[in-house]
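Summary of the model geometry
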Amino acid sequence: SSGHLEVDEVLNDGQGESTAFAEVVASPLPFQLPKLSPLQLQLLNNGERIQEQSKMGREGSGYVVLDVDAPDHIVWECLLDFENYVDYIGTVRSLQLLEKNGSGTYGAPSQTRARFVLSKFRLNICATHSYTPHPDGHYMEFCLDKSSKGVVFQDAKGIWYTQRISASTTRVWLLCELKVSSVLPTFIVDYAAKRAMPRASTWIRPTVEAKKRQLGI
């Protein structure tokens, strides 16, 4: 075996241009998805958003999954549109792009480094987002810069991932891990954890479906 996989599917970027992956390295996804129960699958089919997270303490992990009534290229058009995160995501108060490698468009690998100011507490962080097209579903890894690890966060990382359920439905996953500083009181950590996951994910469905209407799809 050559270690490569022929992919016949042509992925449309939503602007009339198409990117064909003639050969894609046949490597597995670099993460594992949580196994959903029959009840969770039924809730997703009913339009519910599923959120699970471990009791934080000083570190924890969690995930959010929801189905969006739009093709995956529109989901990625929104996820990769960093310049408009301030309008999309209420908790992002400002964003400054520091570095961008690649076109930042659907179907083309890219890496973006940006400085974010988050929430009413004005948390200033710098993070890198690395987008990777994959035949089993595109994904984008994000992680904190070393310069942002300190008083509040010791580490934060995660993955956005999409699964094509049908031509017009996309399942969107957000997987994340967080480790916070020992100087923060635990009640603040628990409070922030409960609010962070919804705020990081509730914007995606209305934003994507508005984009879909805007494009007339």
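Bear in mind the structure is a predicted one, so any value in this text is a computation, not a measurement. (Residues numbered from 1 in each chain as written. Predicted model: local features only at pLDDT ≥ 70, side-chain atom pairs only at ≥ 80, totals over all residues. Heavy atoms only, no water.)

**Overview of the overall build of the protein**
The secondary structure content of the protein amounts to 5 helices and 12 strands. Within the protein, the fraction of its 217 residues that count as buried is 41%. The long-range share in the protein, meaning contacts at least 24 apart out of those at least 6 apart in sequence, stands at 54%. When the accessible area of the protein is evaluated, it comes to approximately 11700 Å², of which 52% is carbon and sulfur surface. (Helix = DSSP H or I, 4+ residues; strand = E, 2+ residues; numbered from the N terminus. Buried < 20%, exposed > 50% of the residue type's maximum accessible area, 1.4 Å probe, protein only. Contact = heavy atoms within 4.5 Å. Areas by Shrake-Rupley, 256 points an atom, 1.4 Å probe, with all protein chains shown as cover.)

**Observations concerning the pattern of salt bridges**
Under the counting rule described, the total for this entry stands at 6 salt bridges. In this structure, the salt-bridge partner of Lys212 is Asp69, at a minimum N-O distance of 3.4 Å. Of this pair, Lys212 sits in helix H5 (residues 204-215) while Asp69 sits in the loop between strand E6 (59-68) and helix H2 (72-79); the two residues are 143 residues apart in sequence, bridging distant segments of the chain. The partly exposed category is assigned to Asp69, whose relative accessible area is 40%. (Salt bridge = Lys/Arg side-chain N within 4 Å of Asp/Glu carboxyl O.)

**Some thoughts on the pairing of strand E9 (residues 123-132)**
Extensive coverage of E9 is indicated by the burial of 7 of its 10 residues. Of the pairings in the sheet, the one linking E9 to strand E10 (residues 139-144) comprises 6 bridges and is antiparallel in character. Looking across to E10, one finds that Ser130 is bridged to Glu141. (Pairing = 2+ DSSP bridges.)

**Overview of the nonpolar core**
Ranked by size, the top nonpolar core spans 34 residues in total, and within it Leu79, Tyr85, Met140 and Trp160 carry the most contacts. Here this core takes 5 residues from H2, the largest share from any one element. In this view, Tyr85 contacts Cys78, Leu79, Val92, Leu95, Phe116, Met140 and Trp203; residues no more than four positions away in its chain are not counted. Core analysis: the second largest hydrophobic core is formed by 11 residues, Phe31, Leu44, Ile50 and Tyr139 among them. (Core = buried A, V, L, I, M, F, W, Y, C linked by side-chain atoms within 4.5 Å.)

**Focus: the pairing of strand E8 (residues 110-118)**
Taken together, the 8 bridges between strand E7 (residues 92-101) and E8 define a ladder with antiparallel strand orientation. Among the inter-strand pairings, Gln96 is bridged to a residue of E8, identified as Arg115. Bridge count for E8 against E9 is 9 bridges, and the pairing is antiparallel. Paired with Ala114 across the two strands is Ala127, which belongs to E9. As consecutive antiparallel partners, E8 and E9 are separated by 4 residues, and within that stretch Ser119 has a phi angle of approximately 65°, a positive value.

**Observations regarding the packing of aromatic side chains**
Per the counting criterion, the structure on display carries 8 aromatic pairs. Ring geometry for Phe31 and Tyr161: centres 5.2 Å apart, planes at 75°, overall edge-to-face. Separated by 130 residues along the polypeptide, Phe31 in the loop between strand E4 (23-25) and helix H1 (38-45) and Tyr161 in strand E11 (residues 153-166) bring together distant segments of the chain. With a centroid separation of 4.9 Å and an interplanar angle of 40°, the aromatic rings of Trp76 and Tyr131 are classed as tilted. Linking Trp76 in helix H2 with Tyr131 in strand E9, this pair joins segments that are 55 residues apart in sequence. Just as Trp76 is buried, Tyr131 falls in that class too. Here the aromatic cluster, defined as three or more aromatic residues joined through ring pairs, consists of Phe82, Tyr85, Tyr88, Trp160 and Trp203. (Phe/Tyr/Trp six-rings, centres within 6.5 Å; stacked < 30°, edge-to-face > 60°.)

**Things to note about the confidence of the model for the protein**
Looking at the protein, the pLDDT average stands at 82 and 76% of residues meet or exceed 70. Segment residues 1-24: pLDDT under 50, and 41 contacts once partners within four positions in sequence are set aside and those in other chains are kept. (pLDDT = per-residue confidence, 0-100.)

**A few points about the environment of Val180**
Relative to the helices and strands, Val180 is located in strand E12 (residues 169-180). Residue class for Val180 comes out buried when judged on its relative accessible area of 6%. Taking the C-alpha atoms as reference points, Val180 and Gly60, 120 residues apart in sequence, are found 9.1 Å from one another.

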